[in-house]
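Geometric and topological summary
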Amino acid sequence: MRRTRRASHTAPATGSLLPMEDRVQLAEGAVVLRGFAADRAPGLLARVREIAATAPFRHLETPGGYRMSVAMTNCGRAGWVSDRRGYRYEMLDPLSGRPWPPMPEEFMDLAARAANEAGLGGFDPDVCLINRYEPGARLSLHQDRDERQLGAPIVSVSLGLPATFLWGGLRRSDRPRRIVLSSGDVVVWGGPSRLVYHGVAPLAEGMHELTGRCRINLTFRQAF
Ligand code: MD3
Ligand code: FE
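The paragraphs below set out a description of the structure included in this document.

Considerations on the overall build of the protein chain
Each helix and strand in the protein chain was counted, giving two helices and 14 strands. Its C-alpha radius of gyration of 16 Å places the protein chain within 12% of the 17 Å reference for a compact globule of 224 residues. Once the C-alpha set of the protein chain is aligned to its principal axes, its extents read approximately 45 × 40 × 35 Å. By sequence separation, contacts in the protein chain at least 24 residues apart represent 70% of the contacts at least 6 residues apart.

In structure tokens:
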């Protein structure tokens, strides 16, 4: 049933400057803001490069012993990590033993404005997980439930090469819908959509003027 429902357009929150056709409601609590971060993309990517100079992108190991094809780093109060012992948030970067780089002002500002635009005020993320996809990299279906604040939304920002996002239901067996996310697209996942299974199909080969041969995804979370 869920997967046959069509995306619809919703009325913007008061004060919205976003045209109606650029706001697509996928489900209750899940809103795509097409191009919301497009004009800010170069600045955001400059901050990503600075973060990665201190906390480099790395391919984490899953608890089952596989190397993730997506490379990851973090900024903010803590960072999401995976290794043979499991998934968790860590205050210190295991590579350096030092705190993760602080969350840049531009990141906080964008995440809060996007949540507001989706009608969810008061979003106060403390973690930003940064994913880097090169052609072939993928993320298999999963739920994000390592955060203590499951009532808070997750805000995701896509930069660089487009990706096919897989968006399932509350059970792993629910067949996912496919949605292309392009550079500058922002998605807010809150309410009942917060715990849906989701993933990313293998990234197609390509070249983007801002990132070259890769896609960067920022996910803002309230983990504590
Ligand atoms: C829906 N990242 O980092 S962003 C992740 O494109 C992750 O890198 C993907 O899934 C990426 O965990 C997808 C969109 C997204 C992120 C988190 C969600 C959708 C979500 C959490 C709950 C529901
Ligand atoms: Fe996720």
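Structure shown, so let's carry the discussion forward.
Some details on the environment of Ala 201
Position of Ala 201 relative to the elements: it lies in the loop between β13 (198-200) and β14 (215-221). Relative accessible area serves as the criterion here: at 11%, Ala 201 is assigned to the buried category. In the structure, Ala 201 is positioned 106 residues away from Leu 95 in sequence and 28 Å away in space, judged by C-alpha atoms. Dropping the residues within four chain positions of it, Ala 201 is found in contact with Ala 137, Arg 138, Thr 164, Leu 166 and Arg 178.

Digging into the packing of aromatic side chains
Counted by the stated rule, this structure contains four aromatic pairs. Stacked on the ring of Phe 224, the Lys or Arg Arg 77 has its end atom at 4.5 Å from the ring centre. A cation sits over an aromatic face here: Arg 215 above Tyr 133, 5.1 Å from the ring centre.

Notes on the coordination of the iron ion (ligand 2)
Around the iron ion (ligand 2), the donor atoms from the protein are His 142 (NE2), Asp 144 (OD) and His 198 (NE2), and they sit 2.0 to 2.3 Å away. Residue classification places Asp 144 among the buried residues on the basis of a relative accessible area of 9%. What makes His 198 buried here is its relative accessible area of 15%.

Examining helix α2 (residues 105-117)
Between its terminal C-alpha atoms α2 stretches 18 Å, which fits the 18 Å expected from 13 residues at 1.5 Å a residue. Those residues of α2 not exposed but buried are Phe 107, Leu 110, Ala 111, Ala 114, Ala 115 and Glu 117. Seen end-on, α2 carries its buried residues on one side only, within an arc spanning 160 degrees. Of the residues trailing α2, Gly 119 is marked for its positive phi of about 90 degrees.

Focus on the packing of helix α1 (residues 41-54) against α2
One way to put it is that α1 packs onto α2 with a least axis distance of 9 Å and a crossing angle of 130 degrees. The angle between α1 and α2 places the two elements in the oblique class. Note on packing geometry: the crossing formed by α1 with α2 is left-handed. Of the residues in α2, those touching α1 at Leu 44, Arg 47, Val 48 and Ile 51 are Glu 106, Phe 107 and Leu 110.

Thoughts on the pairing of strand β6 (residues 86-90)
When strand β5 (residues 79-83) meets β6, the two strands line up antiparallel, connected through five bridges. When the bridges of β6 are listed, Trp 80 appears paired with Tyr 89. Hairpin connection between β5 and β6: a loop of two residues separates the two successive antiparallel strands.

Examining the site of ligand 1
Close to ligand 1 lie 19 residues, the nearest being Asn 131, Tyr 133, Asp 144, His 198 and Arg 215. Between ligand 1 and Asn 217 there is a distance of 3.2 Å, counted from an oxygen atom to a side-chain nitrogen or oxygen. When ligand 1 sits alone it has 500 Å² of accessible area, and the protein chains cover 98% of it. For the shell around ligand 1, the elements supplying multiple residues, two or more each, are β7 (127-133), β8 (139-142), β9 (154-160), β13 and β14. Per-element accounting of the shell around ligand 1 gives the leading share, four residues, to β14. The residue makeup of the shell around ligand 1, split by class, is eight nonpolar, seven polar and four charged.

Reading guide: rules and limits
Residues numbered from 1 in each chain as written. Chains lettered and ligands numbered in written order. Predicted model: local features only at pLDDT ≥ 70, side-chain atom pairs only at ≥ 80, totals over all residues. Heavy atoms only, no water. Helix = DSSP H or I, 4+ residues; strand = E, 2+ residues; numbered from the N terminus. Rg over C-alpha atoms; globule rule 2.2 N^0.38 Å. Contact = heavy atoms within 4.5 Å. Buried < 20%, exposed > 50% of the residue type's maximum accessible area, 1.4 Å probe, protein only. Phe/Tyr/Trp six-rings, centres within 6.5 Å; stacked < 30°, edge-to-face > 60°. Lys NZ or Arg CZ within 6 Å of the ring centre and 35° of its normal. Donors = N, O, S within 2.8 Å, 3.2 Å for Na, K, Ca; no water. Expected span 1.5 Å × (residues − 1). Arc of directions from axis to C-beta. Axes fitted to C-alpha atoms, helices over the stretch in contact; angles between N-to-C directions. Parallel < 35°, antiparallel > 145°, perpendicular 65-115°, else oblique. Left-handed = near helix turned anticlockwise from the far one by under 90°. Pairing = 2+ DSSP bridges. Near = heavy atom within 4 Å. Polar contact = N/O pair within 3.5 Å; in protein donor to acceptor, adjacent residues only side chain to side chain. Areas by Shrake-Rupley, 256 points an atom, 1.4 Å probe, with all protein chains shown as cover. Nonpolar A, V, L, I, M, F, W, Y, C, P; charged D, E, K, R; others polar.

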